[in-house]
Structure formats: structure tokens, C-alpha cells
Amino acid sequence: MAIAAKHRATVLGVTIIAVLVFLSGWAFYNKSQASNVTKDKPLTIGISPPFANPLKEAVAAAKQQGINVKLVEFTDWNTPNVTLNSGDIDANYFQHQPFLTNALKQHPEYKLSALGKGVATHVGLYSKKYQSLAALPTRARVVVPNDPVNQGRALLLLQQAKLIGLKDPNNFLSNLSDISSNPKQLQFVEVEGPQTARAVDDADLVFSYPHYLRLAKTIDPNQALILDDTTNNRYAILFVTRDDYAQQNPERAQQLKKFIHIYQTSPNVKQVLDKEIGGKLWFPGWTS
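Cut-offs applied
- Residues numbered from 1 in each chain as written.
- Predicted model: local features only at pLDDT ≥ 70, side-chain atom pairs only at ≥ 80, totals over all residues.
- Heavy atoms only, no water.
- Helix = DSSP H or I, 4+ residues; strand = E, 2+ residues; numbered from the N terminus.
- Pairing = 2+ DSSP bridges.
- Axes fitted to C-alpha atoms, helices over the stretch in contact; angles between N-to-C directions.
- Contact = heavy atoms within 4.5 Å.
- Buried < 20%, exposed > 50% of the residue type's maximum accessible area, 1.4 Å probe, protein only.
- Core = buried A, V, L, I, M, F, W, Y, C linked by side-chain atoms within 4.5 Å.
- Parallel < 35°, antiparallel > 145°, perpendicular 65-115°, else oblique.
- Nonpolar A, V, L, I, M, F, W, Y, C, P; charged D, E, K, R; others polar.

### Some points on the environment of lysine 162
Along the polypeptide, lysine 162 turns up in the loop between helix H5 (148–160) and strand S8 (165–166). The spacing of lysine 162 and serine 181 is 19 residues in sequence and 9.9 Å in space, taken between C-alpha atoms.

Okay, here's the thing in C-alpha cells:
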């Protein structure tokens, strides 16, 4: 009886060990498989449509180096940060630092930061009705973006053009209530930033961006009545990720950094930027 009991105990012990070994191996296999799935999954970057073609060149170059990247286009300036913060994409590329700073202020739940810089573009005042700023009539309708950051940028340009004066001439976050002088009694129309390019057909004067104008095909971006004189990288478009992205996804973060480097250094990307925006209308935000 004692021998039989001892035998049963031995068999039970061997069985338990075998089960533990199996479960351990299965867990390792599943972890390995999950790691491979994550590794093979393409990097997903949310973008605005005007930035697509230069990025596609970088995507093609990255693929040759074994880095797969998928671009997802958004037509507004809110969803890319919502989608990124929820973890549905790896990064986004559509906003500059002042816009990101304002978004973080308005949405404390966002845990986002810049991983790298892309291009910076000049902005301009455009009109199909008038050939000069001097010809602009009293009470002309002027289109500006409705978001706080880009509206401030528009007002700085209007001030540079001597069409308005601002309470604080250096405040890049000024809004319409901060206008201190308006000798032509300009009438301001606020629209979403991407829609400024479409407004050129109707308004007297429009603040807009070369890349959006090129995409909308409403007016040649080189025909600005005046361009801003900003040459710093404050408005460089950023590659933005979640704050914990590098810690949670070290291998993918390294791939993303390599992709950003490809974007910044590829001669093919530069050629497309020259074509899409205009050689004199953009500059590298990562070097200025």
C-alpha cells in the first residue's frame, strides 16, 4: 500500500511538472508570437492630405530598409490627436509646436510629445480680386483660421502687412479681440484652417498655407500678396507620439526615428516638397 501510494505521488508530481513545463512553453510561444505580430505590424502615421506625397516618398525609401509604414489621412485637425492618444496609431504629422501646446492645454488627458521635426512653410495673404494690398477696399472680407494658434499667426501676418495693429505686436497667440487698430475696417470671417484654401474663390483676402492651396488648386501659392518673414522653426510640422511610446515600444520607436531621418535626408522627398509646396515656400524645420 505504501509503495502504491508513493508511486501515485511520483506520477502526480511528474504530471504537474509536465503541465507546468507545457504552460510555460505555451506562454513563451504566445509572447513570442505577439512580439512578432507587433514587430511585423507597419508603423501607422496619421497625416493631413497636403503632406501625403512627400511622406509617400519616405515610405518607399523606408521599405527598402525593411521599415513598413502606413499613412492614414485625416481631413480635420482634431481627430489625429484623439486617435493618437487612444493608441490607435503610432504617430501623427500635421501640427506645429504652438498647435500641440494649445491642444495639450485644452485636453489635459492628452499625453503627447514631439519625437522629431519636419518641414516648416511660409504662409501668405492671397486674393483673386485684388493685385495688391493697397487695392484692398474698406470693409473687405478677410478669411482667417478659427483655431487660436493659426489665427494668431494670421494676425501677425496682417500686422506685418500694416493692415492691422495688435495690442501686443509680438504675441503669436493674439485673437481678433486683440486687434488695436483696423484702419480699413476689415471684416473677418473665421473658418477651419484647412478650409482657408477654398475660401480664396469668394473672399477679398485670405490667409492660407502653400501646401493646402496646392492641394485645393484654387490659386498658385507663389502669388501671395505678402509672405510671412518667419524663418525660425516654431511652426515646423512635428512627428508626434505618446509620451510613453519609446518606453512601451522601444523597437518601433527606433524604426520611427529612422523613418523621420529618412524623411529629413531623402533627396526624393526634397524634390516632392519643392513640387508640392514650392522651393521658396518651405524650409527644413529640423535645422533652422
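### Things to note about the sheet that holds strand S2 (residues 69–73)
Pairing within the open sheet is mixed, and its five strands lie in the order S2-S1-S3-S13-S4. At either end of the open sheet lies a strand with only one pairing partner, and these are S2 and strand S4 (112–117). Here the strands of the sheet are splayed against their neighbours by 30° on average, with no regard to which way each runs. Across five bridges, the pairing between strand S1 (residues 43–47) and S2 is parallel. Pairing of isoleucine 45 across the sheet is with leucine 71, part of S2. Packing of helix H2 (residues 52–64) onto the sheet brings it into contact with S1, S2, strand S3 (91–93) and strand S13 (238–242), and relative to S2 it is tilted by some 165°.

### Here we look at unusual backbone geometry
Even without being a glycine, lysine 162 presents a positive backbone phi close to 65°. According to the relative accessible area criterion, lysine 162 is exposed, its value standing at 72%. The phi dihedral of lysine 217 is positive, around 60°, even though this residue is not glycine. Mapped onto the secondary structure, lysine 217 falls in the loop between helix H6 (210–216) and strand S12 (226–227).

### Some words on the nonpolar core
Judged by nonpolar contacts, the single largest core of 64 residues is most densely connected at Tyr93, Leu125, Leu158, Leu163, Phe259 and Tyr263. Apart from the residues lying within four places of it in its own chain, the contact partners of leucine 158 are Leu125, Val142, Val144, Leu163, Ile164, Phe188 and Leu205. Within the second largest apolar cluster, nine residues are counted, among which are Phe74, Leu84, Ala103 and Leu238.

### Section: the packing of helix H4 (residues 97–106) against H5
Two elements in contact, H4 and H5, have axes separated by 8 Å at closest approach and are oriented at 140°. One element, H4, and the other, H5, form an angle in the oblique class. In contact with Pro98, Phe99, Asn102 and Gln106 of H4, H5 contributes Pro148, Val149 and Asn150. Across the contact of H4 with H5, the residue classes break down as four nonpolar, three polar and no charged.

### Looking at the packing of H2 against helix H9 (residues 267–278)
H9 packs onto H2 with a crossing angle of 170° between their chain directions and a minimal axis gap of 9 Å. When the axis of H2 is compared with that of H9, the two are roughly antiparallel. On H9, the residues that touch Asn53, Pro54, Glu57 and Ala58 of H2 are Asn268, Val269, Val272, Leu273 and Glu276. Each residue belonging to the contact of H2 with H9 can be placed in one class, and the counts come to five nonpolar, two polar and two charged.

### Side note on the environment of lysine 257
Along the chain, lysine 257 turns up in helix H8 (residues 250–265). Judged by its relative accessible area of 40%, lysine 257 falls in the partly exposed class. Separated by 141 residues in sequence, lysine 257 and glycine 116 place their C-alpha atoms 7.6 Å apart.

### Considering the side chain of asparagine 150
With respect to the element layout, asparagine 150 can be found in helix H5. A residue is classified by how much of its surface remains accessible, and asparagine 150, at 3% relative accessible area, is buried.

### Re the sheet that holds strand S6 (residues 124–126)
If you trace the five strands from one edge of the open sheet to the other, you get S10-S7-S11-S6-S12, paired in mixed fashion. One side of each edge strand has no neighbouring strand; the edge strands of this open sheet are strand S10 (187–191) and S12. Bridge count for S6 against S12 is two bridges, and the pairing is antiparallel. The partner of glycine 124 across the bridge, within S12, is leucine 227. Where H5 meets the sheet, its contacts fall on S6, strand S7 (141–145), S10, strand S11 (205–208) and S12, and the angle it forms with S7 comes to roughly 140°.

Take it as geometry only, folks, not as evidence of what the structure does.
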